Protein chains: 2
Amino acid sequence: MFVSVRRSALAAVSLLSLCAAPALAQDAATIRAAEQVRDAALNDTVAMDYVTQLTTRFGPRPAGSASETAAAQWAAGYMRELGFKNVHIQAFPLVGWERGEESASIVGANPQPLVVAALGHSPGTPAGGIEAEVVRFASLEDLQAAPDGSLAGKIAYVDAGQMVPMQSGAGYGPLTRIRGAGPAVAAQKGALAFIMRSAGSDEHRMPHTGTTRYVDGVVPLPGFALSAPDADQLSRLVSYGEPVRVRLSSTAHTYETTSHNVIGDMPGDERPEEIIVLGSHMDSWDLGTGAIDDGAGGAITIAAAKAIAEQGRTARTVRVILYGSEEVAQPTDTGNGGGAYLRSLSPEDLANHVFAGESDFGAGRVYALQLPVGAQTGAFADAANRVLYPIGVLRTNTPETSGGADIGPIVRAGVPVFGLQQDGLRYFDLHHTADDTLDKIDPVQLRQNVAAWAGLIWLVADSDVDFRAMRPAE
Amino acid sequence: MFVSVRRSALAAVSLLSLCAAPALAQDAATIRAAEQVRDAALNDTVAMDYVTQLTTRFGPRPAGSASETAAAQWAAGYMRELGFKNVHIQAFPLVGWERGEESASIVGANPQPLVVAALGHSPGTPAGGIEAEVVRFASLEDLQAAPDGSLAGKIAYVDAGQMVPMQSGAGYGPLTRIRGAGPAVAAQKGALAFIMRSAGSDEHRMPHTGTTRYVDGVVPLPGFALSAPDADQLSRLVSYGEPVRVRLSSTAHTYETTSHNVIGDMPGDERPEEIIVLGSHMDSWDLGTGAIDDGAGGAITIAAAKAIAEQGRTARTVRVILYGSEEVAQPTDTGNGGGAYLRSLSPEDLANHVFAGESDFGAGRVYALQLPVGAQTGAFADAANRVLYPIGVLRTNTPETSGGADIGPIVRAGVPVFGLQQDGLRYFDLHHTADDTLDKIDPVQLRQNVAAWAGLIWLVADSDVDFRAMRPAE
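Counting from 1, residues in each chain are numbered in the order their sequence is written. By the order in which they are written, chains take letters starting at A while ligands take numbers starting at 1. Reporting of local features is limited, given that this is a predicted model, to residues whose pLDDT is at least 70; pairs of side-chain atoms are given and counted only at 80 or more, and all residues count toward the totals for whole chains, interfaces and linings. Side-chain numbers come from the whole structure's heavy atoms, not from hydrogens or water.

If you check an unreviewed UniProt entry, chain A appears there as Carboxypeptidase Q from Brevundimonas staleyi. UniProt positions are given in the numbering used here, feature names are shortened, and annotations may be inferred rather than shown by experiment. On record in UniProt, under Subunit (unreviewed entry), the comment for chain A is "Homodimer. The monomeric form is inactive while the homodimer is active."

As structure tokens, this is what we get:
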């Protein structure tokens, strides 16, 4: 029964596509099938099972670690058991990073421990640690304005205030600028080390890690994030007017290693060479177990593909990729799972990637659909809206997403991309901290994600809508 | 002007007290004065200033540590500057405890770190650590039911489920039983170490420390609390059915040291020998900065006494005591600040302690007044209700409080006690964790506490109500 539904839908869309018009019809039967996939996915159990087992069995999964390697093997087996075809692991080299041991404390008149986390790719301190006076800056710009050499023998400390929580997560950007550029700017001013208020929105003793930027192939200074209460404390003590000295110690270091993309398909039966890629990343930071960042993304995309396959075979292939290195990807151009995947594709393969999406924003509910700019109105958009609006997802006319770090490489190579935006209001309370653990996932919201992905992807996979043709001319 | 108000109130109450009736009138002028003290205290700035400086300058203040010693000196000076008289420091010996370094991890097939905190007074592990299989119990009773010797070579793990949050904080009790008795019971069964789910109500990677119990002068086994997400993780892994091995390491140890009660008076002008004691504790656990436990208590009681003094001198003396050792008090009978204070009192001094209260439940708003059983109705209770109800405090007929660890010794020696109950619904999210920091204090709720204490204590201090006479015969 299902096949006939699909084929009739396909016929209708194929006919329209001959008109080369940007507006494409989805017939009622296709929409009905997408609604059925969506509703079945609202009762999904695969996503929660996957993320539970992944995080429980493997804990933290830094790219290139033994844990990431073992998790990739396990996930490949998990996907095979669910019926994914052509499941394989794609290995690629990267520069890994290990935290080792770290500590920080205020010394002198007001001795007390501080809770810090070294920034990703930060070098360690000299063996005896670093002890120096802290110079506080209220912004990266203030640090940049300090004369070169003026921080000789000092520790640069940037406390630009707490991250602003926003549904879109937009409050994170300004702080990643500080994290990326801070160590290099501090080095230029002569500092011995760099510390910053965590790029996060929580009020716990939970420092947020995250990668800082290489300059000439290295990160020039040891860099650390202070938890929000510790940043409050240090800034208050500095405000009391007496010199504040801090001791920092870290054995962080980089190493050459290998990471792994896990790739599996639910093949289409009409045009199996046409691929819709659903991406997320398997690696996590080392502090938590990577439940929301990004075990949830793998859970959502695997469960969505499985929900689609349970309804029947679509015309196009649905491919799920668990990228092996997103967090610590260095060098940026080669150490990234998305880049490794792109390099594995021939031009013909790449041309057959008809649509891509990435789930890498936690397990909070989806609230908005971003289609490519040329497809934000018209028949496909109407069909998508009809399927997604009942589960709380609004079609938006926001600028087209560029995808995240995982699908960014293929998106920049021309693959059209959609976005299913998730509620990020409290995402950065947990992201990149020890608190990124399974208990933070709400199973109901996770299932709503699976339903949104499954319903939307059904519409795409069982049609011949060509989003590339719908892009405005550049 | 004020003095005449007070004296007229005093005259009225004295007259009534001659009748030896349990019902005591508070004349309208006394109540009006108490209301004025209360309202002035709603704008208090002393409490927030005190707890800010205390926690910022001294950080964690374990009893007997250099930090607690320095904080006691500083607090004595702070009280003198506020106008307290007879400010002095009362030193006493105790067995202190230092955490040192600690770590825990799952080893074997699913290697991953665990976030733990050694329990107070736990001994350290042998130098090489302890590595053994975990045996999980769902309750202390289940552990108690295990045959003696049955845990030889194993680690006993009690996960009795997450603490139930309650306004009264009553959910904490069942878990303190596990923490107190667990290591001794585990030792009896042959175990090498004891671990438990944290006695707390948060869902963060924040283990809760707290003291376990001496048996024959020592704690028999190294004991640890696991954060809630780590307890979830360990219990899940155990449920998968394969043996789970854990490695534990700790350099915790006890040492002989000295702690310090800080004592200061706002003297009465009619019967200065009659004392109302307002207690809290200065020491804190080592993980946080002791803002809510119990920097806030000192802040509230100091600020309340100061607010009273600003209104004028009361008939009786208001004494504020910052007890130096509450958390790690060992031996229980002598290492406790409240016990040291009691021992310093002559029988006559003790007899002059007319009322006692303790603020040791954070900085959340006060919602209920507990008077001694015989005083829960009548003129004084009516007056107290009139002063406190407008700021959200309900007079209750609950069983008389026994005070906490600080004033417990003098209460057991016969001093009447009142309770101003604070909202504890989320108190155990923070209590005894690294997250007990200044930012968790809501200044508005802190001021409401100061107002409740100041208003109530004014009524008591400027009268000759004798709560001892109102106790039911035993």
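After presenting the structure, the write-up continues.
(A) Seen up close, the relation of the copies chain A and chain B. Superposing chain A onto chain B requires a rotation of 180 degrees together with a translation of 0.0 Å along the rotation axis, leaving an RMSD of 0.0 Å. Such a turn and shift between the copies fits a two-fold axis. For the least-squares superposition of copies, only C-alpha atoms count, and only for residues with pLDDT at least 70 in both.

(B) Spotlight on the interface of chain A and chain B. Contacts are assigned to residue pairs that have any heavy atoms within 4.5 Å of one another. Of the residues lining the interface, 31 residues belong to chain A; the matching set on chain B comes to 31 residues. Summed over both partners, the accessible area lost on bringing two parts together, with a 1.4 Å probe, is the buried area. Of the roughly 2,400 Å² buried at the junction of chain A and chain B (both faces included), carbon and sulfur atoms supply 51%. Looking at the side of chain A facing chain B, the largest losses of area belong to Thr56(A), Arg57(A) and Arg205(A), adding up to 25% of the total buried there. A side-chain nitrogen of Lys or Arg and a carboxyl oxygen of Asp or Glu constitute a salt bridge if their distance falls within 4 Å. At the junction of chain A and chain B, the tally comes to zero salt bridges. In the analysis that follows, any N or O atom pair within 3.5 Å is treated as a polar contact, provided that within protein one partner can donate a hydrogen and the other can accept it, and provided that, for residues neighboring in sequence, both atoms belong to side chains. Scanning the region where chain A abuts chain B turns up 18 residue pairs in polar contact (both at pLDDT 80 or more).

(C) Spatial organisation of the sheet that holds strand E16 (residues 419–422) of chain B. Residue and element names in this part refer to chain B. Sheet architecture is open: three strands sit in the order E15-E14-E16, paired in mixed fashion. With one partner strand each, in any of the chains shown, strand E15 (394–396) and E16 form the two edges of the open sheet. Strand-to-strand twist of the sheet, defined as the mean angle between neighbouring strand axes without regard to direction, takes the value 30 degrees. If DSSP finds at least two bridges between two strands, the strands pair. Where helices and strands are cited, they refer to DSSP runs of H or I of at least four residues and of E of at least two residues respectively, numbered from the N terminus. Sheet topology places strand E14 (residues 366–370) next to E15; three bridges connect them, and they run parallel. Following the sheet pairing, Leu-369 is matched in E15 by Arg-395. Lines fitted to C-alpha atoms define the axes, with helix axes restricted to the stretch in contact, and inter-axis angles between N-to-C directions lie between 0 and 180 degrees. Along the sheet, helix H11 (residues 379–388) contacts E14, E15 and E16; its crossing angle with E15, the most-contacted strand, is approximately 150 degrees.

(D) Representation of the packing of aromatic side chains in the model. Residue and element names in this part refer to chain A. Each Phe, Tyr or Trp ring, with Trp reduced to its six-membered ring, pairs with another whose centre is within 6.5 Å; inter-plane angles below 30 degrees give stacked pairs, above 60 give edge-to-face pairs, and intermediate values give tilted ones. Evaluation of the coordinates by the stated rule reveals 28 aromatic pairs over all chains. Ring geometry for Trp-74 against Tyr-78: centres 5.1 Å apart, planes inclined by 40 degrees, an arrangement best described as tilted. Of the two residues, Trp-74 and Tyr-78 are both situated in helix H4 (residues 66–82); the distance of four residues between them amounts to about one turn of the helix. Their ring planes at 25 degrees and their centres at 4.3 Å tell us that Tyr-172 and Phe-428 sit as a pair that is stacked. One end of the pair, Tyr-172, is in helix H6 (residues 172–188); the other, Phe-428, is in the loop between strand E16 (419–422) and helix H13 (443–461), with 256 residues separating them in the sequence.

(E) View of helix H6 (residues 172–188) of chain B. All names here are of chain B. Helices are assigned an expected span. That span is 1.5 Å times one less than the residue count. Taking 1.5 Å of rise per residue, the 17 residues of H6 would be expected to cover 24 Å, and the 25 Å separating its terminal C-alpha atoms lies within 8% of that figure. Buried residues of H6: Tyr-172, Leu-175, Ile-178, Arg-179, Gly-180, Ala-181, Gly-182, Pro-183, Val-185 and Ala-186, and no others. Along its buried surface, H6 packs onto helix H5 (140–145), strand E6 (154–158) and strand E7 (193–197). A positive backbone phi angle near 100 degrees is found at Gly-190, which sits one or two residues after H6. Exposure is judged per residue with a 1.4 Å probe applied to protein chains only, and the accessible area is read against the type maximum: over 50% gives exposed, under 20% gives buried, and values in between give partly exposed.

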